[in-house]
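Here is what each chain is made of, one letter per residue.
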Amino acid sequence: MNPDPGAVATDRSEFRYHLLRAAGERFQAGVADLSEAQLGEVTRQARRTFELEDLVLGSAEARGLVIPPDQVAAAVAAVRGRYRDTQEFRSDLERNGLDLEGLHLALRRELTFDAVMQRVGSRHAGVDELEERLFYDVHQERFTVAERRTARHLLITVNDEDAESRRDLVQARIERLAEQVRGPADGRTQRFEALARRHSQCPTALEGGRLGEVVPGQLYPALDAALFALPAGDISGPVESELGFHLLLCERIQPGRSIPFTQARPQVRALLEERARRHCQKAWIGGLRQGAAGSVAKSPIDGIRFDDSPIGEQAA
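Cut-offs and rules
Once a new chain begins, its residue numbering starts again from 1 and follows that chain's sequence as written. With the structure being a predicted model, the display of local features is reserved for residues of pLDDT at least 70 and the display and counting of side-chain atom pairs for 80 or more, all residues being used for whole-chain, interface and lining totals. Heavy atoms from the whole structure form the basis of all side-chain values; hydrogens and water molecules are not counted. Here a strand is any run of E in DSSP of at least two residues, a helix any run of H or I of at least four, and the numbering for each starts at the N terminus. Each residue gets one of three labels from its accessible area relative to the maximum for its type: buried under 20%, exposed over 50%, partly exposed in between, using a 1.4 Å probe on protein chains only. We call two residues in contact whenever any of their non-hydrogen atoms come within 4.5 Å of each other. In this description, accessible areas are obtained by the Shrake-Rupley approach with a 1.4 Å probe, and a residue is regarded as covered only by the protein chains that are shown. In summary, the pairing rule links any two rings of Phe, Tyr or Trp, Trp by its six-membered ring, whose centres are within 6.5 Å, and it sorts them by plane angle into stacked for under 30 degrees, edge-to-face for over 60 and tilted for everything else. When DSSP finds two or more bridges between a pair of strands, those strands are recorded as paired. A fitted line through C-alpha atoms represents every axis, and for helices the fit uses only the stretch in contact; the resulting angles, taken between N-to-C directions, go from 0 to 180 degrees. Residue count minus one, scaled by 1.5 Å, sets the expected span of a helix. It is the directions from the helix axis to the C-beta atoms that the arc portrays. In this scheme the handedness of a crossing depends on how the near helix is turned from the far one: anticlockwise by less than a right angle means left-handed, clockwise means right-handed. Nonpolar residues are Ala, Val, Leu, Ile, Met, Phe, Trp, Tyr, Cys and Pro. Charged residues are Asp, Glu, Lys and Arg, and all others, Gly as well, are polar. Buried residues of nine kinds, namely Ala, Val, Leu, Ile, Met, Phe, Trp, Tyr and Cys, make up a nonpolar core once their side-chain atoms join them within 4.5 Å. Here a salt bridge means any side-chain nitrogen of Lys or Arg lying within 4 Å of a carboxyl oxygen belonging to Asp or Glu.

Asks: What exactly am I supposed to notice about the overall build of the protein here?
Replies: Scanning the protein from N- to C-terminus turns up 10 helices and 6 strands. Evaluated residue by residue, the protein yields a buried proportion of 40% over its 316 residues. In the protein, the proportion of contacts linking residues at least 24 apart, taken out of those at least 6 apart, comes to 70%. Of the roughly 17,800 Å² that the protein leaves accessible, carbon and sulfur atoms contribute 50%.

Asks: Teacher, can you tell me more about the packing of aromatic side chains here?
Replies: Each pair of aromatic rings is reported with the distance of its centres and the angle of its planes. Under the definition given, this model contains 5 aromatic pairs. For the pair Y136 and F261, a centre-to-centre distance of 5.5 Å together with 75 degrees between the ring planes defines the contact as edge-to-face. Taken together, the residues span a long stretch of sequence, with Y136 in helix α6 (residues 129-138) and F261 in helix α10 (residues 261-291) at a distance of 125 residues. Note on accessibility: Y136 and F261 belong to one class, buried. Through successive ring pairs, a cluster of aromatic residues spans F135, Y136, F143 and F261.

Asks: How should the sheet that holds strand β2 (residues 148-157) be read in this particular structure?
Replies: The strands making up a sheet associate through hydrogen bonds between their backbones, and the pairing can be parallel or antiparallel. Taken in spatial order, the 4 strands of this open sheet run β3-β2-β5-β4, and their pairing is antiparallel. Every interior strand has two partners, whereas the edge strands, β3 (210-214) and β4 (239-240), have only one. Sheet contacts for helix α7 (residues 167-181): β2, β4 and β5 (244-254); angle to β5, the most-contacted strand, approximately 35 degrees. Contacting β2 and β5, helix α8 (residues 188-199) crosses the sheet at an angle of about 35 degrees to β2.

Asks: Sorry, what's going on with the side chain of H124 here?
Replies: Positionally, H124 belongs in the loop between α5 (100-121) and α6. Ignoring any residue separated from it by four or fewer positions in sequence, one finds H124 in contact with E273, A276, R277 and C280.

Asks: Looking at this model, I keep getting lost on α8. Mind explaining?
Replies: Within an α-helix, residues lying three or four positions from one another point in the same direction, as the helix has 3.6 residues per turn. Between its terminal C-alpha atoms α8 stretches 16 Å, which fits the 16 Å expected from 12 residues at 1.5 Å a residue. Listed as buried for α8 are R188, F192, L195, A196 and H199. For α8, the arc enclosing every buried residue in end-on projection is 105 degrees, short of the 170-degree limit, so these residues lie on one face. Relative to its buried face, α8 has exposed residues pointing more than 90 degrees away, namely Q190 and R198. On its buried side, α8 packs onto β2, α7 and β5.

Asks: Would you mind going over the packing of helix α2 (residues 36-57) against α5 with me for this structure?
Replies: Packed helices, taken two at a time, are described by the angle between their axes plus the distance between the axes. Direction vectors running N to C along α2 and α5 enclose 60 degrees, while the axes themselves pass 10 Å from each other. Note that α2 runs across α5; the crossing there is left-handed. Counted together, F50, L52, E53, D54, V56 and L57 of α2 and R109, E110, T112, F113, V116 and M117 of α5 form the full contact between these two elements. Looking at the contact of α2 with α5, its residues break down into 7 nonpolar, 1 polar and 4 charged.

Asks: Any chance you could explain the nonpolar core here in plain terms?
Replies: Generally speaking, nonpolar side chains in soluble globular proteins are found buried as a group. Within the largest apolar cluster, 25 residues are counted, with the highest numbers of intra-cluster contacts made by Y17, L19, V42, V79, F89, L103 and L107. Ranked by residue count, the leading element in this core is helix α1 (residues 13-27), at 7 residues. With near-sequence residues (within four places) excluded, L19 lies in contact with V31, V42, T43 and A46. Membership of the second largest hydrophobic core comes to 14 residues, among which are V181, F192, A196 and I235.

Asks: What am I meant to see in the pattern of salt bridges here?
Replies: Pairing is possible between side chains of opposite charge, provided their charged atoms come close. Per the counting criterion, the structure on display carries 24 salt bridges. Across the pair E273 and R269 runs a salt bridge, and its minimum N-O distance is 3.3 Å. With E273 and R269 both in helix α10 and 4 residues apart, the pair spans about one turn of that helix. In this structure, R277 and E274 form a salt bridge, with 2.7 Å as the shortest nitrogen-oxygen distance. Taken together, the positions of R277 and E274, both in helix α10 and 3 residues apart, correspond to about one turn of that helix. Look at R277 and you get partly exposed, because its relative accessible area is 24%.

Structure representation (structure tokens):
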């Protein structure tokens, strides 16, 4: 039986770094803290990323590419900065099968990989205005500013274990407060603010119930629906949430609007250029795979994202 092609790599510091990175990304833990099942999953992921790294670093594009020592040192320092002191840093590396020299080697490889991928991605064809306008038109929902409402609220909580905070009593009380706020539109905000300061059981009572600017989906669903149905300057009826009963005042409405193409264009171009870079990188790796002698049927790039970060955020 042929040996597992990933078995030889497991003794290398660079592969152990891939294990540690995968453990952090997948389970927010170190390798030493994983269960047997988790370790198996992490090992499979690490083999895929390590094989991909090997493939890229063995390409013609990687030849002669040198990462400056200060860039490697900065990457090591970024990992070190996640620990309280050097002793904790070195101890954690050791627990996870690494040492400082091995970390340097692994980060140099990773930085080289990233540099090659950036070089390859830069070959993508340019993005023209027609593509930008088409993307903008098809994805209009991505280029809008949501409606905003400036609001205040008053809350009385329900606690059936407290005789004075039973649901029926609280509901009757907040209905009486609502009647006090209603009346002439002039002075309604001031009346609401005064009642919130006196009666509300929410910390916002200190500011007269002020919620500030609110966008759809920010509040509890029932409150959200009530607030965004109100005309400016109006007050809701009692609204029940899991906290208790609320009154809402809509002070001001800022309607939602579409961002014009000229304003959205830099964002559109950045999105399209990033997509083109990733397509170029994936196509290039596909070519490497086809040309690699004895390549396996399944590409190691499946499920792997290419990004521009110099080191894995969950490296150690």
